[in-house]
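Breakdown of the fold
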Amino acid sequence: MQFHDLAAQYARLKPEIDSAIANVISGGHYILGGEVTQLEEELAADTGRKYCITCGNGTDALVLALNAMGIGPGDAVFVPDFTYFASAGCICTVGARPVPVDISLKTFNICPNALEEAILRVKAEGKETPRAVIPVDLFGQPAAFDKLLPLCEKYGLDVLEDAAQGYGGSLNGKAACSFGRISATSFFPAKPLGCWGDGGAVFTDSEEEASLLRSLRANGRSEKDKYDNVRIGMNSRLDTLQATILIPKLHALRAWELDNLDCIADRYTAALKDAAVTPSVRTGARSSWAQYSILLKDSEQRNGLQAALKAKGIPSMIYYPRGMHKQTAFAGLRLKAEWYPRSEEACARILSLPMHPYLTQEDQDSVIHAVLDFLG
Ligand SMILES: *Cc1c(COP(=O)(O)O)cnc(C)c1O
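Residues numbered from 1 in each chain as written. Predicted model: local features only at pLDDT ≥ 70, side-chain atom pairs only at ≥ 80, totals over all residues. Heavy atoms only, no water.

1. A closer look at the site of the ligand
Taken together, 14 residues sit near the ligand, with Gly58, Thr59, Asp162, Ser186 and Lys191 positioned nearest. Here a nitrogen atom of the ligand sits 2.8 Å away from a polar atom, N or O, in the side chain of Asp162. A distance of 2.8 Å is found between an oxygen atom of the ligand and a side-chain nitrogen or oxygen belonging to Gln165. When residues of the shell around the ligand are traced back to their parent elements, those giving at least two are α3 (58-68) and α4 (86-93). Residues belonging to the shell around the ligand are distributed by class as follows: five nonpolar, seven polar and two charged. (Near = heavy atom within 4 Å. Polar contact = N/O pair within 3.5 Å; in protein donor to acceptor, adjacent residues only side chain to side chain. Helix = DSSP H or I, 4+ residues; strand = E, 2+ residues; numbered from the N terminus. Nonpolar A, V, L, I, M, F, W, Y, C, P; charged D, E, K, R; others polar.)

Set out below in structure tokens:
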């Protein structure tokens, strides 16, 4: 059994993907190009944004967005403590200070109350200027933007949505990638919309910001004269091959993959809800199920379950074993574990089960039975 099954997806999409790849190879155009423009237009339409600018990966997408927002030294940027490192690392890349914030144990997303406390604390310290928040659409569920956006408005903070795991999800009819002034996503193979290598994208509704982002991904080049570089940027572009692979995958995500994921999540939840804490999707929200993560009683039970699953050939993952406050790279920030009780608890108790749109009923049942057997 696979945790994510990219081979099963390829088996379904093989004719389209093979002919698209053959066209790129015979076309001789390997970076950006017509297929990348087509993908950017489809992604913008799919998320209801005016502009999509693809780039090299999700980490670069976050850095490009922070640079376009003019965030740098002297600025404080708030981020959930419980996330993949890049959500917070990008803040240091641009010279600003990351301020990790505790999460909600129900959704694993940033807790709006804890965010407000952190904003007030940074203001009272008076060292850095609170500038932006990076809510993460963790495990596929959009962050609580209905509460976060008014809060950010109240304190004059920009919003950069980290939708690396969120593509395909929605909240009250609005798509993930549509909530930030700029939103960023990743096409790393295991994400809800993944390519066969590295890829990423940023989204904005501002024409000016879109052209700034296009310049920043191409070493700061001028739009008028490509050999005049008007700012310092980075080299972060999407390969034509990756774009050509993403187009049929985007269609499959919308046509059947999200529906399949919802069915599998419903089956898991119906079977497991009395034995463990199953994921809760907020009213009005749709998850793209980047992960299906349950909470066990404590770390001993979690580790025992993982070993029992492994013995039966069932893969599972611990996303994540440590929060941002426990990252060696952030030791200098002197963050205390007691500030992050819910993140600590998630790290100790969480386990992610096999989840992908091609997981057979037979495999779903094996997972369910193995979990129930262990938990008695
Ligand atoms: C994967 C991921 C990223 C980074 O994306 P890459 O394409 O791997 O650079 C950023 N944030 C979150 C929440 C992620 O899961």
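Now that the structure is up, let's keep going.
2. Notes on the environment of Val133
Residue position: Val133 is located in strand β4 (residues 129-133). For the pair Val133 and Arg221, spaced 88 residues apart in sequence, the C-alpha separation works out to 28 Å. Beyond its immediate sequence surroundings of up to four residues, Val133 is in contact with Phe78, Ile110, Leu115, Cys152, Leu157, Asp158, Val159 and Leu160. (Contact = heavy atoms within 4.5 Å.)

3. Things to note about the pairing of strand β3 (residues 97-101)
Counting buried positions along β3 gives four out of five residues, so the element sits mostly inside the fold. With five bridges connecting them, strand β2 (residues 75-80) and β3 associate as parallel partners. The residue bridging Ala76 from the neighbouring strand is Arg97, located in β3. For the crossover from β2 across α4 to β3, the handedness is right-handed. (Buried < 20%, exposed > 50% of the residue type's maximum accessible area, 1.4 Å probe, protein only. Pairing = 2+ DSSP bridges. Right-handed = clockwise from strand over helix to strand, strands pointing away.)

4. Some thoughts on the pattern of salt bridges
Close approach of charged atoms lets side chains of opposite charge pair. Taken as a whole and judged by the stated rule, the model has 19 salt bridges. Close ionic contact of Glu128 with Arg97 constitutes a salt bridge, the shortest N to O distance being 2.6 Å. Taken together, the positions of Glu128 in the loop between α5 (112-125) and β4 and Arg97 in strand β3 put the pair 31 residues apart, joining distant regions of the chain. For Arg97, a relative accessible area of 21% translates into the label partly exposed. Residue Glu344 pairs with Lys326 through a salt bridge whose shortest N-O separation is 2.9 Å. With Glu344 in helix α10 (residues 341-349) and Lys326 in the loop between α9 (299-311) and α10, this residue pair connects regions lying 18 residues apart in the sequence. Relative accessible area serves as the criterion here: at 27%, Glu344 is assigned to the partly exposed category. One network of salt bridges, in which partners are shared, links Asp75, Arg131, Asp158, Arg181 and Glu209. (Salt bridge = Lys/Arg side-chain N within 4 Å of Asp/Glu carboxyl O.)

5. Some remarks on the side chain of Glu257
Position of Glu257 among the secondary structure elements: in helix α8 (residues 240-272). One buried charged residue, Glu257, forms no salt bridge at all, with the nearest opposite charge on Lys249 at 7.1 Å. A polar side-chain atom of Glu257 sits 2.5 Å from a polar atom in the side chain of Tyr358. When near neighbours in sequence (up to four residues on either side) are disregarded, Glu257 contacts Gln9, Lys249, Ala252, Pro357 and Tyr358. (Lys, Arg positive; Asp, Glu negative; His and termini not counted.)

6. Some words on the packing of aromatic side chains
Summed over the entire model, instances satisfying the criterion amount to twelve aromatic pairs. Here the aromatic rings of Phe145 and Phe179 are separated by 4.5 Å at their centres, their planes lie at 0°, and the arrangement is stacked. Of this pair, Phe145 sits in helix α6 (residues 145-154) while Phe179 sits in the loop between β7 (174-175) and β8 (182-186); the two residues are 34 residues apart in sequence, bridging distant segments of the chain. By relative accessible area, which is 1% here, Phe145 ends up buried. (Phe/Tyr/Trp six-rings, centres within 6.5 Å; stacked < 30°, edge-to-face > 60°.)

7. Focus: the environment of Asp162
If you trace the backbone, Asp162 turns up in strand β5 (residues 158-162). You can call Asp162 buried: its relative accessible area is 5%. Note: C-alpha distance between Asp162 and Ala86 (76 residues apart in sequence) is 9.6 Å. Those residues in contact with Asp162 that lie beyond four places of it in its chain are Leu62, Ser87, Ile134, Pro135, Val136, Asp137 and Ala184.

8. Section: the nonpolar core
Core analysis: the largest hydrophobic core is formed by 42 residues, its most contacted members being Leu43, Tyr268 and Leu353. Of all elements in the fold, only α2 (34-47), β9 (200-204), α8, β11 (292-295), α9, β12 (350-353) and α11 (361-375) reach the threshold of two or more residues within this core. Ignoring any residue separated from it by four or fewer positions in sequence, one finds Leu43 in contact with Cys52, Tyr167, Phe187, Leu193, Phe203 and Leu250. Val63, Leu66, Ile91 and Leu216 belong to the second-largest nonpolar core, a separate cluster that totals 30 residues. (Core = buried A, V, L, I, M, F, W, Y, C linked by side-chain atoms within 4.5 Å.)

9. Section: the pairing of β2
Most of β2 is tucked away: six of the six residues are buried. Here β2 shows two buried faces, one formed by Asp75, Val77 and Val79 and the other by Ala76, Phe78 and Pro80. Pairing analysis gives four bridges linking β2 to β4, with the strands arranged parallel. For Ala76, the partnering residue across the bridge sits in β4 and is Pro130.

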